[in-house]
Amino acid sequence: MLKSFVRAVDAFNLFVGRVTSYAMIPLFLVVCYEVFMRKLFNMPTVWAFEVTIYLYGFNYMMAMAATHCLDRHVRIDVITLQLPPKAQLVLRLITHWLVFVPFVGALLWAGTAYAAKSWANWEHSWSAWKPPLYPYKTVIPVSLALLFLQGFANFVREWYQLKGEKI
Amino acid sequence: MSPETLAVVMFFTLFVGLLLGHPLAFTLGLLGVVFGVIGWGGSTDAVLALLANRAYGVMEEYVLVAVPLFIMMAQVLDASGIAERLFETMHIVMGRLRGGLGIAVIIACTIFSATAGVVGATVVSIGLLAIPALLRAGYNIPLIAGCITAGGTLGILIPPSIMLVVYGSLSQISVGWLYAAAFGPGFLLSALYIAYIVILCLIKPEYGPAETSGAHSGAEKAVMFAKSIVPPIILVLIVLGSIVAGIATPTEAAGMGVLGAVIMTLGYGKFSWKMMKDACWSTTITTSMIMTLFLGGNAFQAVFMGLGGGDAISNFMLGTKLPPIALLFVMMGIVFFLGCFLDWLGILLIVIPIFTPVSQELGFNGLWFATLICVNLQMAFLTPPFGYSIFYLKGISPPEITIYHIYKGVVPFVTLQWIGLILCIFIPEIILWAPARFFGPSVLG
């Protein structure tokens, strides 16, 4: 049961990461489009600047969970790698509750309040284009919730590893 | 406990936290939350609001959009096979010289660095070709390891470097200025590496034997040279030229750079949708790693500065009444020391807000000081126990290259980087000549 939960979270977050990674293609195309329109035709768009920002933020925020799934967040493990494998696992399990849960939890809480306020005020950007800001701000709690979930999945995986079982 | 004492405690807790081996982003962030709550008298709401604001601040920072775009450009160029072509050409041109293959590695890395803003792509793609070639020629193993790691690390210094983009966004210095300033030191280091290899192989010919096989005519060499070097140079001129000339922002230039790189893959017949998807994927994971660190580091930094930690350290440093040059060396020493254990972004996030006011008090030129920090941070890639270039090289090395060969190999190159850094300190024109030329005397103010 728990094992299939972990597998499902992994698969889901890697899928989300895959899909959001394709945001890179419209990102560079929009930047180039704006350059051509402004420099060659002298017809700057009103939307390119903000669309660029949204694609960039969406791309890396939504991939935080996939990055955590692949264990690609930088850790300084030169010292802990000297410990026996069991001790390393125990340390990982402890630091998950000691560091990851309080910080990501706090940020998730803060991000939810932040996005909720934007929805409540029906907040729009100040630019000439005036796009709504609440969908973009909602990316913060959604991506952090996925990251939090991935952290829990990693915790369960390592818990099983400690018992000598692979997921 | 006074806020300053709290900030000092926070700094030391950071070192304990680092040793636990948990991802740096979350460790930094948690310390920000905890010390923020203590420091602001238990007001959780204020700290949480600050966190959310900072997180959103990174999400709407236009300059930082250049980071994923430059990473993407490097990934696509990597897939175009340009690094391999550069090395193959240099191999054929220089191989029959004593130490020539080592020089070929440095030149290929230097040119590729001018198109790529990251280190990983350079070390891996040039290393994969160069290691077997140099081993076959009978090169000294530590020398092989040293020149690939040091040459590849130039990618983070020679523009378009993502480190300079991040520096620009954290301080108030224009990225265009930083790019212009980093050229001098980048080429200086490259020249120092080449000089070292030449001299070493003159004294000890067995370290870098000349190749005897594979003679090519002068005309063949010229054609290969033109085919592999002209396209990347055009790309560099367009991307960097437009930034330095002030026509395009770094973000716009980076977007155009991706387009240029895609066109190059089409030209070399290497384009495929799978290649694009893979480039998107590895770019996204790398960007996400960098930006998550930003998120945590920002929380740490905001609280540390809010508690007056920056003032405490700068007052302490200025209070020692040491001459400015001695304090400069102290700061460089601290950055070097941190570089043994932390990665470049972690160091920048901690060090910039603390050292920038000190350097201003001491009357240093801001652009010069920023570039010195960036030259220094290259060593963070090479200094054991924690150095990315070491890990990248180890990841692609055959078993006969051990981690001890690599450690031994980086020592002379780190020494050369110190020499380069000291030259930049005593001859500021190495850094300031190009920006003064392009942007006028205002950069010297």
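A few points on the structure. (Residues numbered from 1 in each chain as written. Chains lettered and ligands numbered in written order. Predicted model: local features only at pLDDT ≥ 70, side-chain atom pairs only at ≥ 80, totals over all residues. Heavy atoms only, no water.)

### Re the overall build of chain A
Phase 1 of the analysis: Summing up its helical and strand segments, chain A has 6 helices and 0 strands in all.
Phase 2 of the analysis: Along its sequence from the N terminus, chain A presents helices and strands in the succession α-α-α-α-α-α.
Phase 3 of the analysis: The C-alpha radius of gyration of chain A comes to 20 Å, more than 25% above the 15 Å expected for a compact globule of 167 residues.
Phase 4 of the analysis: Once local pairs closer than 6 in sequence are excluded, the contacts in chain A between residues at least 24 apart make up 71%.
Phase 5 of the analysis: When the accessible surface of chain A is totalled, it reaches about 8300 Å², and 72% of it is carbon and sulfur.
Phase 6 of the analysis: The average position of the 15 basic charges and that of the 8 acidic charges among the side chains of chain A differ by 2 Å. (Helix = DSSP H or I, 4+ residues; strand = E, 2+ residues; numbered from the N terminus. Rg over C-alpha atoms; globule rule 2.2 N^0.38 Å. Contact = heavy atoms within 4.5 Å. Areas by Shrake-Rupley, 256 points an atom, 1.4 Å probe, with all protein chains shown as cover. Lys, Arg positive; Asp, Glu negative; His and termini not counted. Charge placed at Lys NZ, Arg CZ, Asp CG, Glu CD.)

### Quick notes on a nonpolar patch on the surface
All names here are of chain A.
Phase 1 of the analysis: There is a patch of nonpolar side chains on the surface, built from Phe36, Leu40, Phe41 and Met43 and spanning about 430 Å² of accessible area.
Phase 2 of the analysis: If you trace the backbone, Phe41 turns up in the loop between helix 2 (24-40) and helix 3 (48-62).
Phase 3 of the analysis: When its relative accessible area of 52% is taken as the criterion, Phe41 is described as exposed. (Patch = residues over 30% accessible without salt bridge, like charges linked within 9 Å, V, L, I, M, F, W, Y side chains within 5 Å. Salt bridge = Lys/Arg side-chain N within 4 Å of Asp/Glu carboxyl O. Buried < 20%, exposed > 50% of the residue type's maximum accessible area, 1.4 Å probe, protein only.)

### Some points on the interface of chain B and chain A
Interfaces are frequently sized by the accessible area removed from exposure as the parts join.
Phase 1 of the analysis: Every contact between the two is made by 59 residues of chain B and, on the other side, 57 residues of chain A.
Phase 2 of the analysis: Of all residues in chain B, the largest losses of buried area upon contact with chain A belong to B:Phe26, B:Met59 and B:Trp281, amounting jointly to 14% of the total for that side.
Phase 3 of the analysis: Inspection of the region where chain B meets chain A yields 2 salt bridges.
Phase 4 of the analysis: In this structure, B:Glu252 and A:Lys39 form a salt bridge, with 4.0 Å as the shortest nitrogen-oxygen distance. (Buried area = accessible area lost by both parts, 1.4 Å probe.)

### Digging into the layout of surface pockets
Phase 1 of the analysis: Its boundaries defined by the atoms lining it, the largest pocket holds a volume of some 1000 Å³.
Phase 2 of the analysis: If you go around the largest pocket, you meet 39 residues; those closest to its centre are A:Arg72, B:Met289, B:Tyr388, B:Phe391 and B:Tyr392.
Phase 3 of the analysis: By residue number, the principal contributor to the lining of the largest pocket is helix 13 (residues 273-306) of chain B, which donates 7 residues.
Phase 4 of the analysis: Classifying every residue of the lining of the largest pocket by side-chain character gives 26 nonpolar, 6 polar and 7 charged. (1 Å grid on protein atoms, 1.4 Å probe; cavity = no way out; pocket = protein on both sides within 12 Å on 5 of 7 lines; lining within 4 Å. Points joined across faces, edges and corners; volume = space filled by probe spheres on them. Nonpolar A, V, L, I, M, F, W, Y, C, P; charged D, E, K, R; others polar.)

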